[in-house]
Amino acid sequence: MDRVYNFASGPAALPLEVLLKAQEQMLNYNGSGMSVLEMSHRSSAYLSIIEKTEADLREIMNIPKNYDVLFLQGGASLQFAMVPMNLMVNNKKADYINTGVWSSSAIKEAKKFGTVNVIASSEDKNFSYFPVITDDMISKDADYVHITSNNTIYGTKCGVFPKTANIPLVADMSSNIMSEVIDVNDFGLIYAGAQKNLGPAGVTLVIIRNDLSGKAPSNTPVMLDYKTHVEKGSMHNTPPAYAIYIMGLVLQWVKDNGGVPEMEKRNKEKAKILYDVIDNSKLFSAPAKKEDRSLMNVVFVTGNPDTDKKFVNQAKAKGLVTLAGHRSVGGLRASIYNAMTLEGVKTLADFIEKFDAENS
Ligand code: PMP
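Residues numbered from 1 in each chain as written. Predicted model: local features only at pLDDT ≥ 70, side-chain atom pairs only at ≥ 80, totals over all residues. Heavy atoms only, no water.

## Observations regarding the site of the ligand
Link 1 in the chain: Taken together, 13 residues surround the ligand, and among them S77, T152, D172, Q195 and K196 come closest.
Link 2 in the chain: Within the side chain of T152, an N or O atom sits 2.4 Å from an oxygen atom of the ligand.
Link 3 in the chain: The contact in question runs from a nitrogen atom of the ligand to an N or O atom on the side chain of K196, over 2.8 Å.
Link 4 in the chain: In the complex, the protein chains occlude 86% of the 400 Å² of accessible area that the ligand would expose alone.
Link 5 in the chain: Sorting elements by how many residues they give to the shell around the ligand places helix α3 (residues 75-87) first, with four residues.
Link 6 in the chain: For the shell around the ligand, a count of residues per class yields three nonpolar, eight polar and two charged. (Near = heavy atom within 4 Å. Polar contact = N/O pair within 3.5 Å; in protein donor to acceptor, adjacent residues only side chain to side chain. Areas by Shrake-Rupley, 256 points an atom, 1.4 Å probe, with all protein chains shown as cover. Helix = DSSP H or I, 4+ residues; strand = E, 2+ residues; numbered from the N terminus. Nonpolar A, V, L, I, M, F, W, Y, C, P; charged D, E, K, R; others polar.)

What follows is the structure, encoded as structure tokens:
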């Protein structure tokens, strides 16, 4: 069967080159006579994989030396709890920005550990925009400020990150990490489930400034304490070894393709093609405020659930798959992470145009 253009929100399409490399190395990794799937995580062959993955990530994202890189499990959802467990420890207060389902889940979890101040929210307009956050909104006594940099379900993203001065900024970057150039120095902690822009499900990336680990209360379970993973180089227990290996291949692919600046250029081009065709159509509209539109998750609607369904089915027949919106909001969504090709986006744009002409 021919491969399809997969617009899934995550797990999502991976670069073909990565899949081919994994296929080539599946039975015998680098002369080891075994698959990475079968390899001891303490073997020298595996240690060189995880070390290179970290080194490449540091290079690609320009991660300063005073940050630790962790490969954890439990998804971004576990970070909703680990962040407050480890960081809500001084004044037991934190500021959160509520921009959708995932922020709301993070807020709900954080409330179990202390006081949450929701300092800005876009709930009043069904999360269709990203609120502006000014310096004076940040609580002076917050242990940290939490933001979701890209809202996978509503298709909005943060344009300008708040300046939080000496209060650590914590960002859930699950759905737009490595899609645009950022300065890691602006953040205390960044986390991201890998299954969108970094690799397969099963590994969660945490980038944490080194003064922020080691503060969790002494009754914190060992596995939920960042310090454990910092001290053991993500090897306290068996890490998600194969997922890290694939992440390593994805990072190599990013390097081979011009790094994050080139990803950003391509992502802007791809997103523009889709938003333009939606804006110029009679049938479709994009609910997200123009200035806040996500580069990764293009959310659009016809306003008629039956027409949306027809669109999804006809697109599928053309090899353009997973275009239904999140089950909580309906409508349509094309997730176009780094691995989605320009060709895939152009094919979808042509299909949207044709469907518009035939149905409006
Ligand atoms: N945050 C964001 C922005 C997400 O898009 C998702 C998942 N789609 C999550 C958190 C939850 O991630 P996980 O499934 O890895 O727990």
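## Points about the nonpolar core
What tends to happen in soluble globular proteins is that the nonpolar side chains get buried as a cluster.
Link 1 in the chain: Y46, M61, I147 and M178 are the most contacted members of the largest nonpolar core, which totals 56 residues.
Link 2 in the chain: Contact partners of I147, with chain neighbours within four places excluded, come to I97, F130, I133, C158, F161, P162, L169, V170, A171 and D172.
Link 3 in the chain: Core analysis: the next-biggest nonpolar cluster, separate from the first, contains 29 residues, L274, L295, I336 and F351 among them. (Core = buried A, V, L, I, M, F, W, Y, C linked by side-chain atoms within 4.5 Å. Buried < 20%, exposed > 50% of the residue type's maximum accessible area, 1.4 Å probe, protein only. Contact = heavy atoms within 4.5 Å.)

## Notes on unusual backbone geometry
Among all residues save glycine, negative phi is the norm, and among peptide bonds the norm is trans.
Link 1 in the chain: The peptide bond linking G10 to P11 adopts the cis configuration, its omega dihedral lying at -5°.
Link 2 in the chain: Phi angles above zero are rare outside glycine, and N126 is one such case at about 50°.
Link 3 in the chain: Structurally, the position occupied by N126 is in the loop between β4 (115-121) and β5 (145-148).
Link 4 in the chain: N126 sits in the exposed class, given a relative accessible area of 55%.
Link 5 in the chain: Positive phi outside glycine occurs at T322, with the angle close to 60°.
Link 6 in the chain: As for its position among the elements, T322 is in the loop between β12 (320-321) and β13 (332-335).

## Some remarks on empty space enclosed by the protein
Empty pockets left among the atoms are what a rolling probe the size of a water molecule brings to light.
Link 1 in the chain: By the definition in use, this model includes one cavity of 30 Å³ or more.
Link 2 in the chain: Looking at the largest cavity, its volume works out to about 40 Å³.
Link 3 in the chain: Lining the largest cavity, in full, are A13, L14, P15, K196, N197, L198, V250, W253, N338 and A339.
Link 4 in the chain: Counted by class, the lining of the largest cavity contains seven nonpolar, two polar and one charged residues. (1 Å grid on protein atoms, 1.4 Å probe; cavity = no way out; pocket = protein on both sides within 12 Å on 5 of 7 lines; lining within 4 Å. Points joined across faces, edges and corners; volume = space filled by probe spheres on them.)

## Thoughts on the pattern of salt bridges
Link 1 in the chain: According to the stated counting rule, one finds 17 salt bridges in the structure shown.
Link 2 in the chain: Here E262 and K265 are joined by a salt bridge, their closest N and O atoms 3.9 Å apart. Of this pair, E262 and K265 are both found in helix α7 (residues 259-279), three residues apart, which corresponds to roughly one turn of the helix.
Link 3 in the chain: Since its relative accessible area comes to 56%, K265 is described here as exposed.
Link 4 in the chain: One salt-bridge network, in which partners are shared between bridges, spans K52, D56, E59 and K255. (Salt bridge = Lys/Arg side-chain N within 4 Å of Asp/Glu carboxyl O.)

## Quick word on the sheet that holds β5
Link 1 in the chain: Taken in spatial order, the seven strands make up an open sheet running β2-β10-β9-β8-β5-β3-β4, and their pairing is mixed. Each edge of the sheet is formed by a strand with only one pairing partner; in this case those strands are β2 (67-72) and β4. Mean inter-strand twist for the sheet, computed between neighbouring axes without regard to direction, equals 20°.
Link 2 in the chain: Strand direction decides the pairing type here: strand β9 (residues 189-193) and strand β10 (residues 204-209), joined by five bridges, are antiparallel. Residue I190 lies in a different strand from β10, and its bridge partner there is I207.
Link 3 in the chain: Taken strand by strand, helix α2 (residues 44-61) contacts β2 and β10, and its axis lies near 130° from that of β2. (Pairing = 2+ DSSP bridges. Axes fitted to C-alpha atoms, helices over the stretch in contact; angles between N-to-C directions.)

## Quick look at the layout of surface pockets
Link 1 in the chain: Taken as a whole, the largest pocket encloses approximately 480 Å³ of empty space.
Link 2 in the chain: Breaking the lining of the largest pocket down by element, the ones donating at least two residues are β1 (5-6), α1 (16-25), α7 and α9 (342-359).
Link 3 in the chain: Take the lining of the largest pocket: its biggest share by element is four residues, from α7.
Link 4 in the chain: In terms of residue class, the lining of the largest pocket is made up of eleven nonpolar, four polar and six charged.
Link 5 in the chain: Both domains that meet at the lining of the largest pocket, namely domain 1 (16-256) and domain 2 (259-359), each give it at least three residues.
Link 6 in the chain: Taken as a whole, the second largest pocket encloses approximately 330 Å³ of empty space.
Link 7 in the chain: Along the walls of the second largest pocket sit 17 residues, with K21, K52, G248, L249 and Q252 positioned nearest its centre.
Link 8 in the chain: Of all elements in the fold, only α1, α2 and α6 (241-256) reach the threshold of two or more residues within the lining of the second largest pocket. (Domains from an automatic or database assignment.)

## Observations regarding the domain arrangement of the protein
Link 1 in the chain: We note that the domain assignment places domain 1 (16-256) and domain 2 (259-359) within the protein.
Link 2 in the chain: On a C-alpha basis, the centroid separation for the pair domain 1 and domain 2 is 27 Å.
Link 3 in the chain: Tallying the contact residues gives 24 residues for domain 1 and 26 residues for domain 2.
Link 4 in the chain: Both faces combined, the contact of domain 1 with domain 2 buries some 2000 Å², and carbon together with sulfur accounts for 59% of it.
Link 5 in the chain: The interface formed by domain 1 and domain 2 includes zero salt bridges.
Link 6 in the chain: Those elements giving two or more residues to the side of domain 1 that touches domain 2 turn out to be β6 (150-151), β7 (156-157) and α6.
Link 7 in the chain: When residues in the side of domain 1 that touches domain 2 are grouped by element, the largest group, three residues, is from α6.
Link 8 in the chain: Looking at the side of domain 1 that touches domain 2 residue by residue, the classes come out as ten nonpolar, ten polar and four charged. (Buried area = accessible area lost by both parts, 1.4 Å probe.)

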